[in-house]
Amino acid sequence: MSIRTRSSSWSTRGATFVLLAGTGTNAYQCSTDTTLSSVALASKKGIAVDDSTLHWCTSQIPNIWPNAQGEVMSSIRLFKAWDELWSEAEREAAWSGLVTYVTGVNAKVMIGTQITCDETADNTAWEWTKTLLSRLQPKHVMGLGIGNELELLQYKDPSIVPAGCTDKIWKQGYLWTQFQRITSEFDGLGFSTVPVTSVFTGLGLAGDPFYEVPQAQVNTFLMQAIETYGTRFVFVFNFYPYFDPSMSLDAGTTDQCTAALKATSCFGTSCSVPQQTKQARMKMQQLTGSSNYLLWIGETGWSSDRADTLTTPVKTCTAWSSLNTFKSFYKSFLEWDLQVGDGYAAPDHVFWFTMRDSINFGENEYFGLVSSCDEPKCKIATSGYEAAYYTLLKTGAESCDATLLYDGWAQGREGCENKCSLTAGCVYYALWPHSHDNNYWCQLTATCGSTLSVSGYEVSIYTVTAPPAATTTTTAEPEADQVDGDGTEADSSSGSSSDSSSGSSSDSSSDSSSDSSSASSSGSTSGSTSDTTGDDEDEEIPINAAGPLQKLRIFAMAAVLAAFSLR
């Protein structure tokens, strides 16, 4: 589960081991038996990085679009460089994994830095961002976001946004002062040609041309930015039809929302996101008198399971937050040609929110394409699909005497098992007894021809075996209550065999998405497998990506507790 607490920043928002041509690096891709579509205009689409992925598993940023046909995922959005609640000791590993992904696929990064009413915290966050920028270099940075969804601060609880804060940001000019200072320092680092922005939600469109009230002077800010930075300034909005308050239940029902789904869970020119994007283009031209400004969609996505933050009338509609609707929306996103209709220019870039499920100010949201760090399986897969299958080889006071691929804590048996599925060459995992807080010592090896004594502990050794039955790649078929990408009702009889996934992971994701209503690789490789017997032959068994694996329910924020030792 991705912890998207964002602290004072308020912007808190099966695995197949593949080798990408020309990258020279092993690339993470979640494992699945469901291929939805190819990716239209893949170079103009990216994924927003949730806090959990940034903090705990940057080595598991997917280089390939999940559930797609092999297209490289080559752009990401970072909401921050680091968080004050995270240990400095963990930062180097996180940044190294991030840089490895970026350089491996020659990716572009939209990077952010916070604006709050705590100037000291804001300056610290900016220093972290500058340090990370020095490692990324200008060729890998597509833009700098200074502040995220600040027009929503007026609606936050006083425990989060103290009294007088919005006055400081808007009336006293703190946002504009910080924006100019940070941009100047950004330029001094060699990024003077890189676009700059501050990100707003769909609420930002609710004005003439943009939103303007004393506690959220979006229009004033945009005019200042355009006058000062011209076309270097990029307009960025987060659009979330999932939270659209105008969506209602079908007349005479308490749990049906067919009409609402037709309007929102699609990307045809009559659908919600393209319509909002077209509206943004109209308002941009009204403000600037020009059609030459860049427009990015900073976040869009869908939640399955139902987000705790969903409060609109459709929350009682089961289909609204179903995995099938999530799948339909994501498939339409992949296929979207970015057209918005009526001759208006397409958005220049769009980001899916998000990589992994997350927590938004303590409430679960489920926008992730993968449920959590160390989860080998994509969220979209057929019911019962698992990334790999393991059986118990032996139990006793011994462990495998072989080179250790991993030697550390895991959250339960599933955590150790998933680490094996995500580790290239792993065939055996050894699990020590429970220690504390669901922590178990876990060792991964490629062989187990001989063993070592571990007196005083009963260790269970598991090994990869053949799946009970072969699985096939399928193309997801929308249910009758779903819609095609153009907003028309889907024909449930068309397409190939249906991937009848039921349910979804019980984690969540959405950086401030709930307010935006108007908002490594796997060791499992496909191929042959062989059963493992109970003897200790030094035999390497390849992992089959199509076998069963128990579903992971890891809380990604579980710390590595080095003070404890089992051995």
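Provided above is the structure to which this section pertains.
These figures come from a predicted structure and were not determined experimentally.

## What about the sheet that holds strand E16 (residues 404-411)?
With antiparallel pairing, the 5 strands of this open sheet are ordered in space as E14-E20-E17-E18-E16. Of all strands in the sheet, those bounded by a partner on one side alone are strand E14 (390-396) and E16. Each strand axis lies, on average, 25 degrees off the axis of its neighbour in the sheet, ignoring direction. Where E14 lies against strand E20 (residues 459-464), 6 bridges are found, and the strand directions are antiparallel.

## Looking at unusual backbone geometry
At the junction of aspartate 208 and proline 209, the peptide bond is cis and its omega measures out at 0 degrees in the coordinates. As for its position among the elements, proline 209 is in the loop between strand E8 (196-201) and helix H6 (218-229). In this model, aspartate 374 sits at a positive phi of 70 degrees, which is unusual for a non-glycine residue. Considering the arrangement of structural elements, one finds aspartate 374 in the loop between strand E13 (363-365) and E14. When its relative accessible area of 16% is taken as the criterion, aspartate 374 is described as buried.

## Points about the sheet that holds strand E5 (residues 75-78)
Two pairing modes exist for strands in a sheet, parallel and antiparallel, and in both the strands are linked by backbone hydrogen bonds. One closed barrel holds the 8 strands; their spatial order is E4-E5-E6-E7-E8-E9-E10-E11, and the pairing between them is parallel. Across the sheet, the axes of successive neighbouring strands diverge by a mean angle of 25 degrees, strand direction being ignored. Both E5 and strand E6 (residues 108-113) contribute to a ladder of 4 bridges, which runs parallel. Looking across to E6, one finds that leucine 78 is bridged to isoleucine 111. Contacting E5, E6 and strand E7 (141-148), helix H3 (residues 119-136) crosses the sheet at an angle of about 165 degrees to E6. Strands strand E4 (45-49), strand E10 (295-300) and strand E11 (349-352) of the sheet are contacted by helix H9 (residues 323-335), whose axis makes an angle of about 155 degrees with E11.

## Notes on the state of the cysteines
Tallied over the entire structure, the rule returns 8 disulfides. The disulfide partner of cysteine 57 is cysteine 373, and the gap between their sulfur atoms is 2.0 Å. Every disulfide takes its handedness from the sign of the S-S torsion; for cysteine 57 and cysteine 373 that torsion is -65 degrees, giving left-handed. Residue cysteine 57 is found in the loop between helix H1 (51-56) and E5, and its partner cysteine 373 is found in the loop between E13 and E14; the two are separated by 316 residues along the sequence. Neither cysteine 57 nor cysteine 373 differs from the other in exposure class; each is buried. Sulfur-sulfur distance for the disulfide between cysteine 266 and cysteine 271 comes to 2.0 Å. Its torsion about the S-S bond being -110 degrees, the disulfide of cysteine 266 and cysteine 271 is classed as left-handed. Look at cysteine 266 and you get buried, because its relative accessible area is 0%.

## Some thoughts on the packing of helix H2 (residues 91-105) against H3
Contact geometry of H2 with H3 gives a least axis separation of 10 Å together with a crossing angle of 40 degrees. When the axis of H2 is compared with that of H3, the two are oblique. Taken as a pair, H2 and H3 cross one another with a handedness that is right-handed. Across the interface between the two elements, Arg91, Glu92, Trp95, Ser96, Leu98, Val99 and Val102 from H2 touch Trp128, Thr131, Leu132, Arg135 and Leu136 from H3. In terms of residue class, the contact of H2 with H3 is built from 7 nonpolar, 2 polar and 3 charged.

## Concerning the packing of aromatic side chains
The geometry of an aromatic ring pair is captured by two quantities: the separation of the ring centres and the angle between the planes. Applying the stated criterion to the full structure yields 38 aromatic pairs. Ring geometry for tryptophan 176 and phenylalanine 221: centres 5.9 Å apart, planes at 80 degrees, overall edge-to-face. Residue tryptophan 176 is found in helix H5 (residues 174-191), and its partner phenylalanine 221 is found in helix H6; the two are separated by 45 residues along the sequence. If you follow arginine 91 out to its NZ or CZ, it ends over the ring of tryptophan 95, 5.5 Å from the centre. Over the ring of tyrosine 174 we find lysine 168; its NZ or CZ atom is 4.7 Å from the centre of that ring.

## Some words on the pattern of salt bridges
Applying the stated criterion across every chain, the model contains 16 salt bridges. As a salt-bridge pair, aspartate 348 and arginine 281 come within 3.0 Å of each other at their nearest N and O atoms. Pair noted here: aspartate 348 is in the loop between H9 and E11 and arginine 281 is in helix H8 (residues 272-288), with a separation of 67 residues, a long-range link. Note on arginine 281: relative accessible area 8%, which makes it buried. Residues joined in a network through salt bridges with shared partners are Glu127, Lys130, Arg181 and Glu185.

## As for the side chain of threonine 288
Looking at the secondary structure, you find threonine 288 in helix H8. Within the structure, threonine 288 has its side chain in polar contact with the backbone oxygen of methionine 284 (distance 2.8 Å). Side-chain polar atoms of threonine 288 contact the backbone oxygen of serine 290, separated by 3.0 Å.

## Quick look at the pairing of E11
Residues His349 and Phe351 point to one face of E11 and Val350 and Trp352 to the other, with burial holding for every one of them. With 3 bridges connecting them, E4 and E11 associate as parallel partners. For lysine 45, the partnering residue across the bridge sits in E11 and is valine 350. Two strands pair when backbone bridges link them, and E10 and E11 are joined in this way by 3 bridges, in the parallel orientation. Along E11, the bridge assignment pairs threonine 300 with tryptophan 352.

## Some details on the nonpolar core
By size, the foremost hydrophobic cluster in this structure holds 107 residues, and its most contacted members are Trp65, Ile76, Phe235 and Trp320. Setting aside anything within four residues of it in sequence, one finds tryptophan 320 in contact with Pro241, Tyr242, Met247, Cys257, Ala260, Leu261, Thr264, Trp302, Leu310, Val314 and Thr325. With 13 residues, the next largest nonpolar core counts Cys420, Cys426, Tyr429 and Tyr440 among its residues.

## With respect to the side chain of threonine 309
Summarising the element assignment, threonine 309 is placed in the loop between E10 and H9. We classify threonine 309 as buried; its relative accessible area is 9%. Within the local environment of threonine 309, its side chain forms a polar contact with the side chain of glutamate 365, the two groups lying 2.5 Å apart.

## A closer look at the environment of leucine 323
For leucine 323, the location among the structural elements is in helix H9. Judged by its relative accessible area of 4%, leucine 323 falls in the buried class. It is 9.7 Å that separates the C-alpha atoms of leucine 323 and alanine 381, two residues lying 58 residues apart in sequence.

Conventions adopted
Residues numbered from 1 in each chain as written. Predicted model: local features only at pLDDT ≥ 70, side-chain atom pairs only at ≥ 80, totals over all residues. Heavy atoms only, no water. Pairing = 2+ DSSP bridges. Helix = DSSP H or I, 4+ residues; strand = E, 2+ residues; numbered from the N terminus. Axes fitted to C-alpha atoms, helices over the stretch in contact; angles between N-to-C directions. Buried < 20%, exposed > 50% of the residue type's maximum accessible area, 1.4 Å probe, protein only. Contact = heavy atoms within 4.5 Å. Disulfide = S-S within 2.5 Å. Parallel < 35°, antiparallel > 145°, perpendicular 65-115°, else oblique. Left-handed = near helix turned anticlockwise from the far one by under 90°. Nonpolar A, V, L, I, M, F, W, Y, C, P; charged D, E, K, R; others polar. Phe/Tyr/Trp six-rings, centres within 6.5 Å; stacked < 30°, edge-to-face > 60°. Lys NZ or Arg CZ within 6 Å of the ring centre and 35° of its normal. Salt bridge = Lys/Arg side-chain N within 4 Å of Asp/Glu carboxyl O. Polar contact = N/O pair within 3.5 Å; in protein donor to acceptor, adjacent residues only side chain to side chain. Core = buried A, V, L, I, M, F, W, Y, C linked by side-chain atoms within 4.5 Å.

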